[in-house]
Amino acid sequence: MQAFIQGVGVGGSLIMAVGAQNAFVLKQGLKRSHSLPIAGLCSLIDALMITAGVTGLGHLILAFPLIKDIASIGGAIFLLVYGARALKSSFNEQAMTEGATKGTETLKAAVLTTLGISLLNPHLYLDTVVLLGSISAQFEGSDRPLFGAGAVLASFIWFFSLSFGARYLSPLFQKPKAWCYLDRFICMTMWTIAAVLLWPYLG
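None of the values given here were measured: they were computed from a predicted structure. (Residues numbered from 1 in each chain as written. Predicted model: local features only at pLDDT ≥ 70, side-chain atom pairs only at ≥ 80, totals over all residues. Heavy atoms only, no water.)

1. Some thoughts on the side chain of D183
The following threshold applies: In this text, helices come from DSSP runs of H or I with a minimum length of four residues, and strands from runs of E with a minimum of two, each type numbered from the N-terminal end. Counted as a polar contact is a pair of N or O atoms within 3.5 Å, where, for protein atoms, one must be capable of donating a hydrogen and the other of accepting one, and residues adjacent in sequence contribute only when both atoms are in side chains.
Counting through the fold element by element, D183 comes out in helix α10 (residues 176-202). In this structure the side chain of D183 is engaged in a polar contact, spanning 3.1 Å, whose partner is the side chain of S89.

2. Re the packing of aromatic side chains
What counts, and what does not: Put simply, two rings from Phe, Tyr or Trp (the six-membered ring, in Trp's case) pair if the centres are within 6.5 Å, and we call them stacked under 30 degrees between planes, edge-to-face over 60, tilted for the rest. Here's how the labels work: a residue is buried when its accessible area is under 20% of the maximum for its type, exposed when over 50%, partly exposed in between, all with a 1.4 Å probe on protein chains only. For a lysine, the NZ atom is tested; for an arginine, the CZ atom; a charge sits over a ring if that atom is within 6 Å of the ring centre and within 35 degrees of the ring normal.
Across all of its chains, the model carries three aromatic pairs by this definition. Between F24 and Y82, the ring centres sit 6.0 Å apart and the planes meet at 80 degrees, which makes this aromatic pair edge-to-face. Of this pair, F24 sits in helix α2 (residues 20-31) while Y82 is found in helix α5 (residues 65-89), placing the two residues 58 residues apart along the sequence. Owing to a relative accessible area of 12%, Y82 belongs among the buried residues under this scheme. Directly above the ring of F91 sits R184, whose terminal nitrogen or CZ lies 4.9 Å from the centroid.

3. Some remarks on the environment of D183
This is how it is decided: A contact between two residues is defined here by any heavy atoms of the two lying within 4.5 Å.
Using a relative accessible area of 3% as the deciding quantity, one classes D183 as buried. Remark: the alpha-carbon pair of D183 and A23, spanning 160 residues in sequence, is separated by 9.4 Å. Setting aside its immediate chain neighbours within four residues, D183 contacts K27, A86, S89 and S90.

4. So, the packing of α2 against helix α3 (residues 35-54)
Put simply, the test is: For helices, the fitted line uses only the C-alpha atoms of the stretch in contact; every axis is such a line through C-alpha atoms, and the angle between N-to-C directions lies from 0 to 180 degrees. Any angle that falls under 35 degrees is termed roughly parallel, while one over 145 is termed roughly antiparallel, one within 65 to 115 roughly perpendicular, and all others oblique. If you view the pair so one helix is near and one far, a crossing is left-handed when the near helix is turned anticlockwise from the far one by less than a right angle, and right-handed when it is turned clockwise.
In the contact formed by α2 and α3, the axes pass within 9 Å of each other and the chain directions differ by 160 degrees. With respect to α3, the axis of α2 lies roughly antiparallel. Our pair here, α2 against α3, has a crossing hand that is left-handed. Within the contact between the two elements, α2 uses Q21, F24, V25, Q28 and G29 and α3 uses S35, I38, C42 and D46.

5. Brief notes about the packing of α2 against helix α9 (residues 143-165)
Two quantities define a packed helix pair, namely the angle between the axes and the distance from one axis to the other. Definition in use: Throughout this entry, Asp, Glu, Lys and Arg are counted as charged residues, while Ala, Val, Leu, Ile, Met, Phe, Trp, Tyr, Cys and Pro are counted as nonpolar. The remaining residues, Gly among them, count as polar.
The interhelical angle for the contact between α2 and α9, taken along N-to-C directions, is 35 degrees, at an axis separation of 7 Å. Every residue of α9 that contacts α2 at Q21, N22, V25, L26 and G29 is listed here: W158, F159, L162 and S163. Its residues assigned to classes, the contact of α2 with α9 comprises five nonpolar, four polar and no charged.

6. A few points about the nonpolar core
Convention followed: In this text, buried Ala, Val, Leu, Ile, Met, Phe, Trp, Tyr and Cys residues form a nonpolar core when linked through side-chain atoms within 4.5 Å.
If you look at the biggest cluster of nonpolar residues, it comprises 29 residues, and the most contacted ones within it are L30, L79, L182, I186 and M190. When residues of this core are traced back to their parent elements, those giving at least two are α2, α3, α5, α7 (107-119), α9 and α10. By residue number, the principal contributor to this core is α10, which donates nine residues. Every residue in contact with L182, bar those within four places of it in the chain, is listed here: L26, K27, L30 and F173. Listed in part, the nine residues of the second largest apolar core include A47, I50, L132 and F147.

Coordinates in, geometry out; function isn't part of it.
Below is the structure:
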């Protein structure tokens, strides 16, 4: 069980860092807008990436830097646009009421945004496929898939906890200012990640 426990610990520490996925899941959880499908989709994507890393596919990304370059530039553009939308939304103050938060976007739109934030962010591949894949290489036999299973479990626990836990913050977000601050925090998160992705190409 040591490999499994290490997988939970290492996977959880990587997933819990503030990032584009977490910011989006948090906001959808607060709005109670397709929060469970989004948490499930994020967990499933992580599970697929972690499995790919544990089975050794991380070497493919390292062998073809062009894959990382395309993902970095495309992901940065997506995050810049999403951040700009969040900033614009922050100037439209509204309380969190049933009518204002539910049904404001379709499930299809939410799923497409989740896919964009997840799959266009090369940090996802570096953290799950490359980093977790490299760490799993120290384990042999059945210990390696157990390490991967632990990391996958950590992902599911985190995203569903974030989605459900956000609901307990809803009384705070009855205040319009709280939504403004959240949107600006999301904007800064998205733009910071975009800047980190673009920095190597600006030098």
